[in-house]
Amino acid sequence: MIEEELKSYKMGVLKFLSVKPRITGYWKVSEKREVRYLKRVDVELFYVYNQSLFLDIVILVKTVFMVLLRKGAY
């Protein structure tokens, strides 16, 4: 990640960087994956501040459906 992108995270940058990358992500399976970068920052920070086992399971299930339906991949 470049420094310009990290500026978009403002006060949440340290919290964002504290989360390890996963196989998939909340932004990748959300309906907001087609939005501009600044909105993506909001979506990613939502996951960072609300991470839980339940949310991870929801993300995994949505990922499976997206792969089967061939949505979101180019």
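The rules we used
In every chain, residue numbers begin from 1 and rise along the written sequence. In keeping with the predicted nature of the model, local features appear solely for residues at pLDDT of at least 70, side-chain atom pairs appear and are counted solely at 80 or more, and the whole-chain, interface and lining totals rest on all residues. In computing side-chain values, all of the structure's heavy atoms are included and hydrogens and water are not. Grid spacing is 1 Å over the protein atoms alone, the probe is 1.4 Å, and a cavity is where that probe fits but cannot get out, while a pocket is an open set with protein on both sides within 12 Å along at least five of seven lines and lining residues have an atom within 4 Å of a point. Grid points are joined across faces, edges and corners, and a volume is the space filled by probe spheres set on the points. A run of H or I in DSSP becomes a helix once it reaches four residues, and a run of E becomes a strand once it reaches two; helices and strands are each numbered from the N terminus. Ten residue types, Ala, Val, Leu, Ile, Met, Phe, Trp, Tyr, Cys and Pro, are classed as nonpolar, four, Asp, Glu, Lys and Arg, as charged, and the remainder, Gly among them, as polar. We define a nonpolar core as any set of buried Ala, Val, Leu, Ile, Met, Phe, Trp, Tyr and Cys residues linked to one another through side-chain atoms lying within 4.5 Å. Per-residue accessibility, obtained with a 1.4 Å probe over protein chains only, is compared with the maximum for each type, and a residue is labelled buried under 20%, exposed over 50%, and partly exposed between these values.

Draft legend 1. Quick look at the layout of surface pockets. Its boundaries defined by the atoms lining it, the largest pocket holds a volume of some 540 Å³. Along its surface, the largest pocket is lined by 23 residues, and Lys20, Pro21, Arg22, Thr24 and Gly25 are the ones closest to its centre. At the level of secondary structure, the elements contributing two or more residues to the lining of the largest pocket comprise helix H2 (13-17), helix H3 (26-29), helix H4 (37-50) and helix H5 (53-69). The element contributing the most residues to the lining of the largest pocket is H4, with six residues. Here the residues of the lining of the largest pocket sort into 15 nonpolar, two polar and six charged.

Draft legend 2. Spotlight on the nonpolar core. Of all hydrophobic cores here, the largest spans twelve residues; its members are Tyr9, Val13, Phe16, Val19, Val29, Val41, Leu45, Tyr47, Val48, Leu55, Ile59 and Met66. At the level of elements, H2, H4 and H5 are the ones that each hand at least two residues to this core. With four residues, the single largest contributor to this core is H4.

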